[in-house]
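Single-letter residue listing:
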Amino acid sequence: MSETSADQTRTKPQGNNGPRILREKATVAIMIQMYCMGQGHIRNESVEMGPGELCADCKDLFQYSHLRLALCKFGEGKTTCEKCPVHCYKPDRRQQIKAVMKYAGPRMLWSHPLVALRHALDGFTK
Ligand code: SF4
Ligand SMILES: [Zn+2]
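These numbers were taken from a predicted model, which means no experiment stands behind them. (Residues numbered from 1 in each chain as written. Chains lettered and ligands numbered in written order. Predicted model: local features only at pLDDT ≥ 70, side-chain atom pairs only at ≥ 80, totals over all residues. Heavy atoms only, no water.)

## Topic: the overall build of the protein chain
Within the protein chain, the regular secondary structure consists of six helices and zero strands. The secondary structure elements of the protein chain, listed N-terminal to C-terminal, are α-α-α-α-α-α. Buried positions account for 41% of the 126 residues belonging to the protein chain. The contacts of the protein chain with a sequence gap of at least 6 include a subset with a gap of at least 24, amounting to 74%. Total accessible area on the protein chain is roughly 7,600 Å²; 59% of this is exposed by carbon and sulfur atoms. (Helix = DSSP H or I, 4+ residues; strand = E, 2+ residues; numbered from the N terminus. Buried < 20%, exposed > 50% of the residue type's maximum accessible area, 1.4 Å probe, protein only. Contact = heavy atoms within 4.5 Å. Areas by Shrake-Rupley, 256 points an atom, 1.4 Å probe, with all protein chains shown as cover.)

If you want it as structure tokens, here you go:
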């Protein structure tokens with residue numbers, strides 16, 4: 001899956017960069033990494049990939065999710081994206097990130113308990 005031209009024109013670093021947004025970017029990065037590895041995507045790539053890398057689809061999703069966070073209208077006052085009343089993701093991207101959350105959410109409780117706790121607390125932000 002590749003980025004649309006509309007996505008590509010909006011990939012310049014810009015927008016929100018406060019601690020809340022940076023924390024969510026880090027959490028999403030962990031979750032996408034867990035999902036990509038856990039689903040065996042990296043093994044399906046024809047090129048050799050090292051630890052910490054993502055398959056092409058997950059890399060696209062990673063870049064897209066970080067862009068949405070950079071442009072999030074709620075900025076530092078945001079709740080978690082799962083609880084967002086707006087949800088600015090395109091439908092196909094939303095399905096992708098939901099699959100990531102469903103897979104990585106429960107597993108993160110064990111692998112990254114503090115990150116999971118912080119994310120849960122962020123979900124109470126209105
Ligand atoms: S889904 Fe909602 S909280 Fe998440 S980036 Fe988009 S507008 Fe912000
Ligand atoms: Zn992947």
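## Some words on the site of ligand 1
As a structural note, the neighbourhood of ligand 1 is formed by Arg68, Cys72, Phe74, Lys78, Cys81, Cys84, His87 and Cys88. When grouped by side-chain class, the residues that make up the shell around ligand 1 number five nonpolar, one polar and two charged. (Near = heavy atom within 4 Å. Nonpolar A, V, L, I, M, F, W, Y, C, P; charged D, E, K, R; others polar.)

## Thoughts on the coordination of the zinc ion (ligand 2)
Taken together, the protein donors to the zinc ion (ligand 2) comprise Cys36 (SG), His41 (ND1), Cys55 (SG) and Cys58 (SG), at separations of 2.2 to 2.4 Å. Given four donor atoms and angles of 97 to 122° at the metal, the environment of the zinc ion (ligand 2) is assigned as tetrahedral. Look at where the donors of the zinc ion (ligand 2) fall in the sequence and you get C-x4-H-x13-C-x2-C. With a relative accessible area of 0%, Cys36 lands in the buried category. (Donors = N, O, S within 2.8 Å, 3.2 Å for Na, K, Ca; no water. Tetrahedral: all angles 85-135°; square planar, octahedral: opposite > 155°, others 65-115°.)

## Thoughts on helix α4 (residues 56-70)
Look at α4: 21 Å from first C-alpha to last across 15 residues, which is about the 21 Å you get at 1.5 Å a residue. Residues of α4 that are buried: Cys58, Asp60, Leu61, Tyr64, Ser65, His66, Leu67, Arg68, Leu69 and Ala70. (Expected span 1.5 Å × (residues − 1).)

## Things to note about the side chain of Thr27
The topology assignment puts Thr27 in helix α2 (residues 19-38). Residues contacting Thr27, with those up to four places away along its chain left out, are Met108, Val115 and His119.

## Quick word on the side chain of His87
Along the chain, the position of His87 falls in the loop between α4 and α5 (91-111). Taking relative accessible area as the criterion, His87 reaches 13% and is therefore assigned buried. Looking at His87, its side chain comes within polar contact range of the main-chain oxygen of Cys81, at 3.5 Å. Sequence-distant contacts of His87, that is, excluding residues within four places in its chain, are made with Cys81 and Arg94. (Polar contact = N/O pair within 3.5 Å; in protein donor to acceptor, adjacent residues only side chain to side chain.)

## A word on the environment of Gly75
If you trace the backbone, Gly75 turns up in the loop between α4 and α5. Apart from residues lying up to four places away in sequence, Gly75 is in contact with Asn16 and Ile21.

## A closer look at the nonpolar core
The biggest cluster of nonpolar side chains holds 24 residues, and the ones touching the most others in it are Val28, Met31, Ile32, Cys36, Cys58, Ile97 and Val100. At the level of secondary structure, the elements contributing two or more residues to this core comprise α2, α4 and α5. When residues of this core are assigned to their parent elements, the largest contribution, seven residues, is made by α2. Residues in contact with Val100, not counting those within four places in the same chain, are Met31, Ile32, Tyr35, Leu61 and Gly105. (Core = buried A, V, L, I, M, F, W, Y, C linked by side-chain atoms within 4.5 Å.)

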